[in-house]
Amino acid sequence: MIGLRGSTSTNMGDITDTTFYGNSVTSSADQSAGILYIPRKSDGTIAITNSIFQNNTFTSMSDARAIYVGLNATTATAANTAITVSADSGQTTRFYNTNGNGGEVSSIVLGDVFNTTAINDNASITVTGDGTVELLDPVKMVIDDNANSNSLTFTKEGSGTLISGGNNVITTGTGTATWSVNEGTQILSNVKGSDATITVNRGNAGTYSLASGATLSGSGTITAEDVNIAGTVELVKYTTDSDAVTTMSSQLGELTVNGNWNGNNGTVQFYGALADDSTPIGQLIVNGDVTGTTQVAVDNIGGVGAQTLEGIKIITVSGDSPSTGFTQKSRIVAGLYDYTLRQGTASNADTNNWYLTSYLTPPPNPDPTPDPNPTPKPSVRPEPGTYLGNAYAA
C-alpha cells in the first residue's frame, strides 16, 4: 500500500490499524514524495488512527514526508484541508525515520515546501484520542507571504500523549498561525541528537498556548510571538532511540522561549539536587517579555541542602520582567535548608532574572514550651513524716 496517491474528494483518505514499515519508494517528482499524497485543489479531511509510518525511504529525492498535501503546479490552490491523527487508549500512531537523500524529512506536510505557493485558505492538524501519537519526524505547515490563508492551526485534544521531535514549523504571511495544547500531554523529545523545536510564525507573529490542565514536558525551543501558559510546564529531558522508544533521560530539562511569556496562573516544575549556588537544576529561558503570573514549583531530588551565597539561577528573562511574573507555589526544602524564590541575587544584582536562595531552618520549639520563670518549690525532707508515722503507730 506504499505510495498511495490521494484524490480530490471530500474524504481524501482514512488510514486505520495499518503499518507502513521498512518500505522503499521511487518517484521522479519531489512533489509526490509522500506515502499519502494529495496533489491540489482539495477540500476535505484525512483521518489516521492506530497506524505506524516508520523506516520508509524515498530513494530518488532529497526531501521526504509520510503525509503530504501540496502542489504539483505553482499556480494551483486548495481551499480547506483538515488532518486528524489519533490513537485509542493503549494504542500508538507513529511517524518516524522517514528518509530521503539527505534533505528534509517530515511526518506531515501541509503546503508547498518547494515553491511556497498559496494552497490553503484553512489548514489544520488535530491530534486526539487517549493513546500515544508520536510525531517523531516533524510537522510542517508552510504557506508564503502572498498566500490567501485564513488560518493554520495545530491542536492537541484528548487525554492521550503527543511526542514531538524535530523542527516543527507553522508559517504563513497572512491570517493566523496557532499551536494549542488543550488537553493531555505534549512531550518534546530529543530525536537523532536534537531537541524538538516548534516555530509558529505569521509575519513574525504566532501563538503557542498550553491550556489549564494540560502539560508540556521535556526540553526544546518554542518560537512564537506569544506563548500562553495556563497549564503545567515540566522541565525534564526525553530521548528517543533508533527503535522509536522514548524515555526520560534526565530531570534537568531546559526550555527556551523565543517570544513573550504570558502567565495565566500556570506552573513551571523544576527538579534539582538542591545545595549551594552551583546546584545543577532545570532552566527556563525567555527571550522576550513576561506578563501575568506563573507559579514556580521545585522538587528536590536527593540534595542535602546548603547555604547559598548569591542564589541558584533558574529563570532568565531578556525583556520586561515584572516582580509579579513568577511566584513560589509551595515550600522548597532540602535537608535543614529552606529555599525561597526571589527576583535577582541575594545582593540584589541581576534583577531581571530569578533565583533560589536558602536559609538554615531554625530548630522546632519544644512542646510544651517551658516556663522561662518557674516558681521554686520548697524541698521537704521525708524523715519528719516517717517519725510521726512511727509515733502514731506506737
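To be clear, the structure that these remarks concern was listed above.
Rules used throughout
- Residues numbered from 1 in each chain as written.
- Predicted model: local features only at pLDDT ≥ 70, side-chain atom pairs only at ≥ 80, totals over all residues.
- Heavy atoms only, no water.
- Helix = DSSP H or I, 4+ residues; strand = E, 2+ residues; numbered from the N terminus.
- Buried < 20%, exposed > 50% of the residue type's maximum accessible area, 1.4 Å probe, protein only.
- Phe/Tyr/Trp six-rings, centres within 6.5 Å; stacked < 30°, edge-to-face > 60°.
- Lys NZ or Arg CZ within 6 Å of the ring centre and 35° of its normal.

Participant: Is there a simple way to think about unusual backbone geometry in this case?
Facilitator: The phi torsion at Asn 55 lies on the positive side, around 55°, for a residue other than glycine. The residue Asn 55 is located in the loop between β7 (52-54) and β8 (57-58) in this model. Even without being a glycine, Asp 350 presents a positive backbone phi close to 55°. In this structure, Asp 350 sits in the loop between β34 (337-343) and β35 (354-360). Its relative accessible area of 32% is what places Asp 350 among the partly exposed residues.

Participant: Would you take a moment to explain the packing of aromatic side chains for this structure?
Facilitator: The way to describe two aromatic rings as a pair is by their centre distance and the angle between their planes. Per the counting criterion, the structure on display carries 5 aromatic pairs. Here Phe 20 and Phe 53 contribute two aromatic rings whose centre-to-centre distance is 4.9 Å and whose plane-to-plane angle is 20°, an arrangement assigned as stacked. Remark: Phe 53 occurs in strand β7 and Phe 20 occurs in strand β3 (residues 19-21); sequence separation between them is 33 residues. Residues Phe 20 and Phe 53 agree in their burial class; the two are buried. When the centroid spacing of 5.6 Å and the interplanar angle of 70° are considered together, the rings of Phe 326 and Trp 354 count as edge-to-face. Here Phe 326 is found in strand β32 (residues 326-328), whereas its partner Trp 354 is found in strand β35, with 28 residues between them in sequence. The residues Phe 326 and Trp 354 share a single accessibility class, namely buried. By the ring-pair criterion, three or more aromatic residues cluster together here, those being Phe 20, Phe 53 and Phe 95. Sitting over the ring of Tyr 96, Lys 192 keeps its end group 5.6 Å from the ring centre.

On their own, these measurements won't tell you what the molecule is for.
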